[in-house]
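Read off the chains here:
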Amino acid sequence: MKFDTLVIGGGLAGLTAGISLQQKGLDTAIVSTGQSALHFFSGTFESLESPSERLAELFSAAGIRTHYSPGVRLMPLGSFRPAALSLEDVELFPEPHFADKVLIVNFNGYSDFFPAFLTEGLEAQRMSCRLLELDPPELQALRQSPSEMRSVQIARIMDRHWESVVQAIRAALRDEDAVILPQVFGLKDPSIPGRIRQELPVRVVFAGTQPPSVPGIRTQQLLRRRFELAGGTFLSGDEVVQTHVHDGRVHSVATRNLDHHYLEADHFILATGTFFAKGLAASPSGIRESVFGLDVDCAADRNAWYDPSFAADQPYLHFGVRTDAVLHAVKDGTPMQNLYAVGSILGGTRPEFGSGAGLAVRSAFAAVDQILNQYAV
Ligand SMILES: Cc1cc2nc3c(=O)[nH]c(=O)nc-3n(C[C@H](O)[C@H](O)[C@H](O)COP(=O)(O)OP(=O)(O)OC[C@H]3O[C@@H](n4cnc5c(N)ncnc54)[C@H](O)[C@@H]3O)c2cc1C
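1. Notes on the pattern of salt bridges
Here the structure, examined in full by the defined rule, presents 14 salt bridges. Linking Glu46 and Arg81 is a salt bridge whose minimum nitrogen-to-oxygen distance equals 3.8 Å. You can see Glu46 sitting in the loop between strand 3 (44-45) and helix 2 (53-62) and its partner Arg81 sitting in strand 5 (residues 80-87), a full 35 residues away along the chain.

Right under this line is the structure:
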């Protein structure tokens, strides 16, 4: 099979690149093994402090609802963190004191949400809290097994019954001026969190849960759907296991599922993430880029990989593959002419791109522009 561009990795960086290229008419395939950082996504896009028209267009075409409002967001354990761009689900406040009295709502038996920590954090910001535990009959079957009572399973059910949750909260509200709910709504339909907000007479805040992240999975699914609707080929659950490189160019790759069918392309984009997604792998002898064995920027002394202080900015989080100025990945000291590295595999050492989601989308756009320039007349 032959494509114009093959993207390895279907997280935020790979999907951003894939959609942008496919929309410009380049026949593009994405091969992706499995979970990406979006499955753990908080709902706020780091280091995107100023609105980007290009990203806004991409998200809006995919049906991803975001808002830009620099301020702070409520974290799952009751602390607050600065944020600017976030999914519509996640409310951003000018300051942490966002209400006087808060009703925290949970579902009976759901232990991936933390009302006690939230209460402690909110009380430190002079807000008083009351807990309401709902026991919807629709969740009865899930509750039989604690391993089933997880965010995604709850969302699958409660997305069909969110009105009954609204009714129960309306009946329970006393003099509270805000309600906090776990982020377990809108797995497929991004409008549900907004509809819950509209139906309640007080401020509604959705707070993070333990992974998997419902808004993150929804974001990934919407991006993937956008890519496929644009005509892209998404090879899900597959993994690049072999590469064919000659004279500093990648010719083709082989995947686990396609056996002997090689995937050829003119351009390749590596978006395989960091240690978490297995784009980088650490061993006693060093840190290795997993697909091509690219050069990696990392501390030579293993003791300098981490800081024993838990709260410190950990050096290993800044390790990443080496590239030239236009993101050609470097192998044995030489940039590969048709292989671009994007996203978190670059490490946190690229101030021009930022970190987190900012690094993923800005570097993806930069590689896309490099590729498109080659088609410009
Ligand atoms: C747990 C976690 C939570 C985070 N939360 C946030 C947040 O809330 N906000 C924020 O701004 N940033 C967050 N980040 C930072 C995050 O790295 C970026 O925001 C961004 O989503 C990373 O995207 P990526 O595409 O570079 O990598 P990833 O999302 O890691 O995606 C890499 C993909 O490549 C696939 N892959 C790996 N090897 C292969 C192979 N050989 N063949 C095929 N596919 C392969 C993986 O399965 C994975 O799907 C988080 C990071 C982590 C690790």
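2. Quick word on the pairing of strand 11 (residues 240-246)
Two strands pair when backbone bridges link them, and strand 11 and strand 12 (residues 249-255) are joined in this way by six bridges, in the antiparallel orientation. Counterpart to Val245 in the pairing with strand 12 is Val250.

3. Quick notes on the site of the ligand
Around the ligand, 32 residues are found, and the nearest of them are Thr33, Ala37, Ser42, Glu46 and Ser344. Between the ligand and Thr44 there is a distance of 2.9 Å, counted from a nitrogen atom to a backbone nitrogen or oxygen. In this structure, Glu46 approaches the ligand through a main-chain N or O atom, which is 2.8 Å from an oxygen atom. Here the ligand has 1,000 Å² of accessible area as a free molecule, and 87% of this is covered by the chains. Elements that contribute at least two residues to the shell around the ligand include exactly helix 1 (12-23), strand 2 (28-32), strand 3 and helix 9 (356-373). Here the shell around the ligand is composed, by residue class, of 14 nonpolar, 15 polar and three charged.

4. Notes on the nonpolar core
In terms of nonpolar packing, the biggest core is built from 69 residues, with Leu6, Leu223, Val253, Phe292 and Leu339 touching the most fellow members. For this core, the element with the most residues is helix 9, which contributes 10 residues. Counting 44 residues, the second largest nonpolar core, distinct from the first, contains Ala99, Ile104, Leu139 and Ala172.

5. Quick look at the domain arrangement of the protein chain
Accessible area lost upon the coming together of the parts serves often as the stated size of an interface. Parsing the protein chain into structural domains produces domain 1 (2-41 + 218-301 + 313-373) and domain 2 (67-210). Using C-alpha coordinates to define each centre, domain 1 is positioned 35 Å away from domain 2. With five residues of domain 1 in contact, the opposing surface of domain 2 contributes eight residues. Its largest share of buried area at the contact with domain 2, domain 1 owes to Phe41, Arg218 and Gln221, together 82% of the area lost on that side. On inspection of domain 1 and its partner domain 2, the count reaches one salt bridge. Ionic pairing is found between Arg218 and Asp89, a salt bridge with its closest N-O pair at 2.7 Å. Seen at the junction of domain 1 and domain 2, the total is three residue pairs in polar contact (both at pLDDT 80 or more). For the side of domain 1 that touches domain 2, the per-class residue count stands at two nonpolar, two polar and one charged.

6. With respect to the packing of aromatic side chains
Summed over all chains, the structure comprises 10 aromatic pairs. Centre to centre, the rings of Phe40 and Phe276 are 5.0 Å apart; their planes meet at 90°, and the pair counts as edge-to-face. One end of the pair, Phe40, is in the loop between strand 2 and strand 3; the other, Phe276, is in the loop between strand 13 (263-270) and strand 14 (280-283), and 236 residues separate them in sequence. Put simply, the rings of Phe41, Phe45 and Phe59 pair up and form one aromatic cluster.

7. Considering the side chain of Gln183
In this fold, Gln183 is placed in the loop between strand 8 (178-182) and helix 7 (192-199). If we ignore the near neighbours within four places in the chain, the residues touching Gln183 are Ser42, Arg73, Val90, Phe206, Ala207, Gly208, Thr209, Val214 and Pro215.

8. Here we look at the sheet that holds strand 4 (residues 66-74)
Pairing in this open sheet of three strands is antiparallel, and the strands run 3-5-4 from one edge to the other. Among the strands making up the open sheet, the edge pair consists of strand 3 and strand 4. Of the strand pairs in this sheet, strand 4 and strand 5 are connected by seven bridges, and their pairing is antiparallel. Of the residues in strand 5, the one forming a bridge with Leu74 is Phe80.

9. Things to note about the pairing of strand 12
On any regular strand, side chains alternate: one points to one face of the sheet, the next to the other face. The element strand 12 is largely enclosed, with a buried count of five among its seven residues. With antiparallel pairing between neighbouring strands as the criterion, strand 11 and strand 12 make up a hairpin whose turn holds two residues, including Asp247 at a positive phi of roughly 50°. Pairing of strand 12 with strand 13 involves two bridges; the strand directions are antiparallel. Along strand 13, the bridge assignment pairs Val253 with Leu263.

10. Description of the side chain of Glu91
Structurally, Glu91 is set in the loop between strand 5 and strand 6 (101-107). For Glu91, a relative accessible area of 17% corresponds to the buried category.

11. Details of the sheet that holds strand 6
Here we have four strands laid out as an open sheet, ordered 7-6-8-9, and parallel in their pairing. Of all strands in the sheet, those with a lone pairing partner are strand 7 (128-134) and strand 9 (203-207), marking the two edges. With strand direction ignored, the average angle separating the axes of adjacent strands in the sheet is 25°. Sheet contacts for helix 6 (residues 162-172): strand 6, strand 7 and strand 8; angle to strand 7, the most-contacted strand, approximately 135°.

Conventions and cut-offs
Residues numbered from 1 in each chain as written. Predicted model: local features only at pLDDT ≥ 70, side-chain atom pairs only at ≥ 80, totals over all residues. Heavy atoms only, no water. Salt bridge = Lys/Arg side-chain N within 4 Å of Asp/Glu carboxyl O. Helix = DSSP H or I, 4+ residues; strand = E, 2+ residues; numbered from the N terminus. Pairing = 2+ DSSP bridges. Near = heavy atom within 4 Å. Polar contact = N/O pair within 3.5 Å; in protein donor to acceptor, adjacent residues only side chain to side chain. Areas by Shrake-Rupley, 256 points an atom, 1.4 Å probe, with all protein chains shown as cover. Nonpolar A, V, L, I, M, F, W, Y, C, P; charged D, E, K, R; others polar. Core = buried A, V, L, I, M, F, W, Y, C linked by side-chain atoms within 4.5 Å. Buried < 20%, exposed > 50% of the residue type's maximum accessible area, 1.4 Å probe, protein only. Domains from an automatic or database assignment. Contact = heavy atoms within 4.5 Å. Buried area = accessible area lost by both parts, 1.4 Å probe. Phe/Tyr/Trp six-rings, centres within 6.5 Å; stacked < 30°, edge-to-face > 60°. Axes fitted to C-alpha atoms, helices over the stretch in contact; angles between N-to-C directions.

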